[in-house]
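Analysis of the macromolecular model
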Amino acid sequence: MNYKTIQSTCPYCGCGCGIYLEVVDGHLAGTMPVLRHPISEGSLCIKGWAAHEFVESEDRLHHPLWKRGANLETTDWDSALYAVADRLTAIKQAYGPDSIGFLSSAKCTNEENFVLMKFARAVIGTNNIDHCARLCHSPTVAGLARSFGSGAMTNSVPELEQASCILITGSNTTENHPVIASRIVKAREKGAYVIVIDPRRIHIANHADLFLQPKLGTDVAWINGMMHVIINEGWHDRDFIRDRTENFEELRQKVAEYTPERVREITGIEPELLRKAAEAYATSPNSSIVYTMGITEHTCGTDNVMSLANLSMLCGQIGKPGSGINPLRGQNNVQGACDMGALPDVLTGYQKVDDPATLSKFAKAWDVNLPRGTGLTVVEMIDAAMDGELKALFVMGENPMLSDPDINHVKEALSNLELLVVQDIFMNQTAELADVVFPAQSYAEKAGTVTATDRRVQRVRKAIEGVGETKTDWEIISLLAERMGSRKFAYETPIEIFEEIRALTPSYAGITYFRLDSESLQWPCPSEDHPGTQYLHKGKFTRGKGSFVAVDWRPPFEVTDEEYPFYLTTGRVHFHYHTGTMTRRSPTLNREMASAVVDISPADATDLGIKDRDMLKVASRRGEVKIRARLTNSVPKGTIFIPFNFQESAANALTCSARDPIAKIPEFKVCAVRIEKAARR
Amino acid sequence: MITDEKQEVAKALDCTDFVPSIAVFHCRWCQPDSEAVARMLPDEVAQRAVVGRLNCSARMEAEFAIKAFGEGYDGVLVLGCEFGECHYRVGNVQASRRLDLLQRILALAGIHPERVGVYWVSLFDEDTTRRWIDGYIESLNKIGPFKDSD
Amino acid sequence: MPDEELDSREEQARRISGDLLASDKVDGVLALLEIRDHVVPNLFTSPDELTGLSVSGRYPVAGVAERLLRKWETGKIAVIARGCDERHLIEMAKKKSVDLDRIRIVGLACTVDEAKQCHCVRPYTHEVEIGRSVGNVDYLDHAALSKLLNMDMAERRKFWTEIFDRCIKCYGCRNVCPLCNCEDCRLEEARWVRVGEIPPEYPSFHLIRAFHMADKCVGCFACEKACPMGIPIGRLHQLIKEELKSAYDYEAGRDIEEMSPLLAEGLLGDLS
C-alpha cells in the first residue's frame, strides 16, 4: 500500500501552476492543486486536473525505432544511437555543420534545452537551433528587446490583482491562461477597470468593463490611435518620457497621422470607444497590458509588440507594480527554452552569438570553437530542407507537421531530408516521417526546472519510473554526444546541468536546486542571496532608456477577395493543448471535445444556408479541410475561427507562411478562405 | 445577461404575446394517457408543450427540470398521485420532497420556484386538476419567459 | 500561545501515528506531510517518515481515503481527520462508499484561526485525540450570506447568472469534494450538460451539482477554495443546507444513522 504525492509543475500552459501528482503503488492516480502556490493558489484548470492522464497511456513510445523500408521498426538503444551518430558525422563532413538543424522543445526542461543547444553548437558546430517560440512569441522577444532591451514579461502574475486597469488584447485569457484570467477577474472584483480589445468576442469580454472589436490585423492602427488621443488630451506621462525614454518626437509625429476617424476607417472602432479606452489606460494609477498570439502571429507581429511597448512608455505604465507589458507565454517551458538559448542568435540568457566576450566564455567552458553568425529559424529550416540545403533535422518534443503553417509544404520539406530524427513521448505526424525515433520521458518521469511566463523558475520532480525503455531527453542527447566523441556531456544528474547553466548565465546565477526546493524564483536572480526580480525596468530599462519605435500600420499579407471571401483566424481551445498529442489521449479532455469545430457567425451561416453541426469544406490557396460548423456570436461576420489542435481538420493546412520580417513568425492569424457545405456522405 | 428585469418590464407593458413553453411529466397511474394530459392544457400551451410519462412521480429528477429550463422551457409541471394513493406507497412523498428542495434551490438562484408546478392528482376529479393547471399557467404568464435572448 | 499549541498537536499526532503503526493495527496513516513549506497528503507506512507529519494546512483527505480503500481490497488505514474530514467520512459511509471498519479516525481539533479560515461551525471530531476542541463556533460569513438572502428574485438571478458565467468548467469544485465520487458523474454526461463549452451550460452544470450536493454537503468550503474564478459556490451550498435544516432538521455528516430526508428508505420506515 503505497501512496505519495509529488510536487511538480503543470506540463501544459505557461501559467506555471503547481500540482501534486498522486502516486498509488508506483502509478499516477491523479493530481491535486497546491494550496499555497504563488500562481495557482489552490486551484487548477481542467487540463491541470487531468495532467496525469496521458503519462501512462498505452500509446507511449517504449522503444527506439528506426526506418526499415517504409516502416518504423523497434530497435535497441545502442543501434539507434550509433546510427544517428554515424549519420550526423557523415552529413557534417559532407555538407558542413550548417546542413544540420535542431528543433528544441518548449515542453522539455531547462536542462534539456541547454543540453540540446550545447550539442548543436559544441558537437555539430551550428547555430541552427530554434523552437516553437518562433511560432508564437518571437515578436515579443524581438520587439521588446528593441524597445526595452529585454524580451520577457515585465511584471508578475500575482501583481495583476494590484492593477487598477488591465488592457487585454489578442488573448483569450479564460480559455488559454485560465489561472491568469482568475487574477484579472479578482482584480475586477477589487475595482479594476478591464478593457478587452479583440476581433472575437471572447469569454473574458463578458467580464470586462469595455470591449472593442477591431478588424483582424489592424492592431498598430488602434494602438497608434490610442496614443494619438492620449497625447492630444495631455494624458501622457511627460516626466517619464523625458527621463526614461528616447525617440519620442518620431513617435509623436507618427501617431499624429492616426486620427480617431482614420482609426475607425481602418479598424472599425468608434472614436468614443477608442477615447474611453485611451483615457482609462493612461490615467489609471497602475495599468497592465496583457497580450498573446492575437498580437504576435502577424506579418507585423514585431510592430504590434513595439506599439504596445510605445503605449506603456507613453503613459509611464511600466517599471512599477501592477503595470507593464505582460506577454503570456504559451508553453510550460517556452520561456525557459528561450532563456536557455535554444534560438539561432543567442546563447543562454540572450547573450548574443556574435558577442566576443560571450563566445570566449562559452568556448572556454566547452573547450571548443563556437559557430558564428545567426542560424536558421524554424520556418527557414523548413524552407532550407525543401531547397535541399538542410540535410538533417533533429526534432526534440515538437510537432511541426501540425504546428507549422502550410503543413503540406512542411511534409514535402521533411521528406526531402537525408536524416530526420525525432525524440518524443508519443508517435505523432512528424515522427511518422522520421528515420529514427528516440522514446523520451514525460515531465512526471524526470527531474528538472521549467520557467513560467513571469520568468518564474520552478521544479518538476520525478513521480514515477520511466515507462518502457524511455530515457530522459538530456540523457539521450548526452549519450549521442558521447558517441560522437565529446567528453563534455558526462552528466549524472540534472543538477549538474543546472550548475553549468548558472555558471554561464548571469540572470540564473543565483538560482539553485536547494533554493527551488522551498520557493520559486524569478530571474534576473544574479546571486544566491538575491530574492529574484518581481518586475523589470524599475528605475531604468535593461537597455538604459526605453526606445519609442514609430511604426505604421500595414495590412495582412493575404486579404479576402472574390475567390476567397472569408477571413480565417486560428488559435486554441481550452480543452486541448496545441497538437493534441497529450490532451487527445486524456479521457477527461477528449470527452469535452473530441473533434474540431469551425466557429462561424449566425449571419454568415444564414447567408450560406448552414446550420449548427453541418459539415463544411473550408479551402484556402494552400489546402482544404472538412470540419463541423459551430454557430456563435463570438466571431464577427466575415471571419471564421478554426482551432489548430486537431490533425484531421488541421487549421494549418489552410494557413499561409508569410512572415514577419524581423521575428520570422508566420501569419497564423489572418488568411483568406472560402466556405461551402460538404457534400453528403 | 439573462435577468428577470426584462420580464418585469414586459409584465408592466402588459405584453400578451407570451405563451409559456412547458414540459409536463405525469405519473402513469394518476393519468395513463399523455394525450389526455395534453388536453388538460390550454390549446396554445398544449401546442408547444412536451408531455412525458413516468412510471411514478418519484422517477422525476431535478435534472429534468433544470435541463428543461436550460433548453428554453418556461415551466415544468409534474403530476403525480395523491398522497396515500401511490402505487409504490411512498414514491409521491419522495417526489414531493425532492421537488420541494428543487424549488428552494431555484429560488436561491433567482429562478421563480413557481416555474416548477407540482400537483397531486385525484383520479376522480379532472375538473379540479384542469382548474389547477390553469392557475399554474396563469402564474407563468405573470412571471414571463425563462430566457431572455442573448 | 498558538505556536505552542501547534507544536504539541504535531507531537501528539506523531505519537499516536507511531503507536498505530507499531501495533500493526493499521497498514498506514493518511495525514499531511510537510515538505518545503508545503503540506501534501501522504500515507505514512513507516515510523521514520513521521518526523515530517504536519497538522497545519488542510486537504480534503477523506476523498483520498475513499479512493485508496477502493483500490486496495483489504487493509485498514488511520486518517488524521479534522471535523470536516470526519463528517465527509460519515456521509460517505452512509452511501456505503467507505467501510468505516477499515478506517481508524484520529480526531484532530482545529484552532480558532483554522476554523475562521474555513468559515467553520464545528471544527472538531466526535472524539478529539489531537489538540483541544474550541467547541461549537460560528465563523460563517453571515454578512455575505445575508446579502444573498436579502436580494430579490431579479437580483439573485443576475448575481448568479453573471458569476456562473465566469466558470471555466475546471471541475475543481467537484474534484476536491470528497462526497463527489460517483463513477458516472452526471456533469460529465452530454445529455445533461453540453460538452466543450466555456462557460458550461447554464443552469445545468451548477444547479444539478447544487441539487446533488444538497443532502451531502458538510460545509467544508473546499469547493470555493478550489475555484479559480472566485465563484462563491460554498455559499450557495450553505444556504441550501440551511433550507434542509429548517425543513427537516437534517444536517449532513452529523450522525451516520441520520438518513437523508430525500431517501425513500426513511419514508417507508415512517409509513410502516
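Basis of the calculations
- Residues numbered from 1 in each chain as written.
- Chains lettered and ligands numbered in written order.
- Predicted model: local features only at pLDDT ≥ 70, side-chain atom pairs only at ≥ 80, totals over all residues.
- Helix = DSSP H or I, 4+ residues; strand = E, 2+ residues; numbered from the N terminus.
- Buried ≥ 20, exposed ≤ 12 C-beta atoms within 10 Å, placed from the backbone.
- Rg over C-alpha atoms; globule rule 2.2 N^0.38 Å.
- Contact = placed C-beta atoms within 7 Å.
- Nonpolar A, V, L, I, M, F, W, Y, C, P; charged D, E, K, R; others polar.
- Axes fitted to C-alpha atoms, helices over the stretch in contact; angles between N-to-C directions.
- Parallel < 35°, antiparallel > 145°, perpendicular 65-115°, else oblique.
- Left-handed = near helix turned anticlockwise from the far one by under 90°.
- Pairing = 2+ DSSP bridges.
- Domains from an automatic or database assignment.
- Core = buried A, V, L, I, M, F, W, Y, C linked by C-beta atoms within 7 Å.

**Observations concerning the overall build of chain B**
When helices and strands are counted, chain B shows six helices and four strands. When the helices and strands of chain B are read in sequence order from the N terminus, they spell out α-β-α-α-β-α-β-α-β-α. By the burial criterion, 49% of the 150 residues in chain B qualify as buried.

**Some thoughts on the overall build of chain C**
Secondary structure summary: chain C contains eleven helices and five strands in total. Over its C-alpha trace chain C gives a radius of gyration of 20 Å, about what one expects of a compact globule, namely 19 Å for 272 residues. With respect to the principal axes defined by its C-alpha atoms, chain C has extents near 60 × 50 × 40 Å. Within chain C, residue pairs in contact and separated by at least 24 positions form 60% of the contacts whose partners lie at least 6 positions apart.

**Quick look at the interface of chain C and chain A**
Taken together, the contact between chain C and chain A spans 35 residues of the former and 36 residues of the latter. Mapped by element, the contributors of at least two residues to the side of chain C that touches chain A are strand S1 (28-35), strand S2 (38-44), helix H2 (61-71), helix H7 (172-176) and helix H9 (222-226) of chain C. With five residues, S2 of chain C is the largest single contributor of residues to the side of chain C that touches chain A. Grouping the amino acids of the side of chain C that touches chain A by side-chain chemistry returns 16 nonpolar, ten polar and nine charged.

**Structural notes on the environment of Ala 672 of chain A**
Residue and element names in this part refer to chain A. Position of Ala 672 relative to the elements: it lies in strand S26 (residues 671-677). Residue classification places Ala 672 among the buried residues on the basis of 20 C-beta atoms within 10 Å. When near neighbours in sequence (up to four residues on either side) are disregarded, Ala 672 contacts Glu 558, Val 559, Thr 560, Asp 561, Tyr 564, Tyr 567 and Ser 620.

**Here's the deal with the packing of helix H3 (residues 110-124) of chain A against helix H20 (residues 494-504) of chain A**
All names here are of chain A. Between H3 and H20, the least distance of the axes is 9 Å, while the angle of their chain directions is 70°. Our classification of the angle between H3 and H20 gives roughly perpendicular. Note on packing geometry: the crossing formed by H3 with H20 is left-handed. Every residue of H20 that contacts H3 at Asn 110, Glu 111, Phe 114 and Val 115 is listed here: Pro 494, Ile 497, Phe 498 and Ile 501. Grouping the amino acids of the contact of H3 with H20 by side-chain chemistry returns six nonpolar, one polar and one charged.

**Observations regarding the sheet that holds strand S2 (residues 18-24) of chain A**
All names here are of chain A. In spatial order, the strands read S1-S2-S3; together these three strands make up an open sheet with antiparallel pairing. Lying at the two open borders of the sheet, with one neighbouring strand each, are strand S1 (3-9) and strand S3 (27-33). Shown here is a sheet whose adjacent strand axes are inclined to one another by a mean of 30°, direction ignored. Taken together, the seven bridges between S1 and S2 define a ladder with antiparallel strand orientation. When the sheet's bridge partners are listed, Ser 8 is paired in S2 with Ile 19.

**Observations regarding the domain arrangement of chain C**
Quoted interface sizes are often the accessible area lost when the parts come together. Residues and elements named next belong to chain C. Domain annotation for chain C reports domain 1 (2-117) and domain 2 (142-266). Taken over C-alpha atoms, the centre of domain 1 sits 26 Å from the centre of domain 2. Each partner contributes to the interface: domain 1 provides 13 residues, whereas domain 2 provides eleven residues. When contributions to the side of domain 1 that touches domain 2 are tallied by element, the ones reaching two or more residues are H2 and helix H3 (83-94). Here the side of domain 1 that touches domain 2 is built from residues that sort into six nonpolar, three polar and four charged.

**Side note on the packing of helix H5 (residues 91-108) of chain B against helix H10 (residues 233-248) of chain C**
It is at 10 Å that the axes of H5 of chain B and H10 of chain C come closest, and there the two elements cross at 140°. In terms of orientation, H5 of chain B lies oblique with respect to H10 of chain C. Taken as a pair, H5 of chain B and H10 of chain C cross one another with a handedness that is right-handed. Facing Arg 104, Ile 105 and Leu 108 of chain B of H5 of chain B, the residues of H10 of chain C in contact are Leu 236, Leu 239, Ile 240 and Glu 243 of chain C.

**Details of the arrangement of the chains**
A comparison of contact numbers over the two pairs of chains in contact places chains A and C at the top. Separating chain A from chain B is a minimum C-alpha gap of 9 Å, and the two share no contact.

**Focus: the sheet that holds strand S4 (residues 65-68) of chain A**
Residue and element names in this part refer to chain A. Pairing in this open sheet of seven strands is mixed, and the strands run S5-S4-S16-S15-S14-S6-S7 from one edge to the other. Looking at strand neighbours, the two that pair on one side only are strand S5 (71-74) and strand S7 (129-130), the edges of this open sheet. Pairing of strand S14 (residues 392-396) with strand S15 (residues 419-424) involves five bridges; the strand directions are parallel. The residue of S15 that forms the bridge with Leu 393 is Leu 420.

**Focus on the pairing of strand S8 (residues 165-169) of chain A**
Residues and elements named next belong to chain A. Of all five residues that make up S8, five are buried, and the element is covered over most of its length. Of the two faces of S8, the one carrying Cys 165, Leu 167 and Thr 169 and the one carrying Ile 166 and Ile 168 are both buried. Pairing between S8 and strand S12 (residues 287-291): five bridges, direction parallel. In the sheet register, Leu 167 faces S12, and the bridge partner there is Ile 289.

**Here we look at the interface of chain C and chain B**
Facing the 30 residues of chain C at the interface are 27 residues of chain B. Secondary structure elements with two or more residues in the side of chain C that touches chain B: helix H6 (153-164), helix H8 (204-213), H10 and helix H11 (264-271) of chain C. By residue number, the principal contributor to the side of chain C that touches chain B is H6 of chain C, which donates nine residues. Taken together, the residues of the side of chain C that touches chain B sort by class into 21 nonpolar, two polar and seven charged.

**With respect to the environment of Lys 538 of chain A**
Note that Lys 538 of chain A resides in the loop between strand S19 (521-522) and strand S20 (546-547). C-alpha separation for the pair Lys 538 of chain A and Lys 320 of chain A, spaced 218 residues apart in sequence, amounts to 6.3 Å.

**Concerning helix H19 (residues 473-483) of chain A**
Residue and element names in this part refer to chain A. Extensive coverage of H19 is indicated by the burial of nine of its eleven residues. Looking at the buried residues of H19, the elements they touch are helix H2 (77-95), H3, S14, S15, strand S16 (436-439) and H20. Directly after H19, the chain includes Gly 485, whose backbone phi takes a positive value near 100°.

**Describing the nonpolar core**
Within soluble globular proteins, side chains that are nonpolar tend to cluster in buried spots. Formed by 349 residues in total, the largest nonpolar core has its most connected members in Ile 166 of chain A, Ile 105 of chain B together with Ala 65 and Val 79 of chain C. Per-element accounting of this core gives the leading share, nine residues, to H3 of chain A. If sequence neighbours within four positions are ignored, Ala 65 of chain C has contacts with Leu 30, Ile 77, Val 79, Leu 89, Val 98 and Ile 103 of chain C.

**Overview of unusual backbone geometry**
Between Ile 198 of chain C and Pro 199 of chain C the backbone carries a cis peptide bond, its omega angle lying at -5°. With respect to the element layout, Pro 199 of chain C can be found in the loop between H7 and H8. Unusually for a residue other than glycine, Glu 41 of chain A sits at a positive phi of about 45°. Considering the arrangement of structural elements, one finds Glu 41 of chain A in the loop between S3 and helix H1 (46-49). Of note, the phi angle at Asn 247 of chain A is positive, near 75°, even though the residue is not glycine. Along the chain, Asn 247 of chain A turns up in the loop between strand S11 (245-246) and helix H9 (248-255).

**A word on the pairing of S14 of chain A**
All names here are of chain A. In terms of burial, S14 is a largely internal element, five of the five residues being buried. Here S14 shows a buried face lined by Ala 392, Phe 394 and Met 396 and a second buried face lined by Leu 393 and Val 395. Where strand S6 (residues 100-103) lies against S14, four bridges are found, and the strand directions are parallel. Residue pairing for S14: Phe 102 is matched across the bridge by Phe 394.

**A word on the environment of Tyr 59 of chain C**
Residues and elements named next belong to chain C. Residue position: Tyr 59 is located in the loop between strand S3 (53-54) and H2. The spatial distance from the C-alpha of Tyr 59 to the C-alpha of Arg 82 is 9.9 Å, given a sequence separation of 23 residues. Every residue in contact with Tyr 59, bar those within four places of it in the chain, is listed here: Leu 32 and Pro 41.

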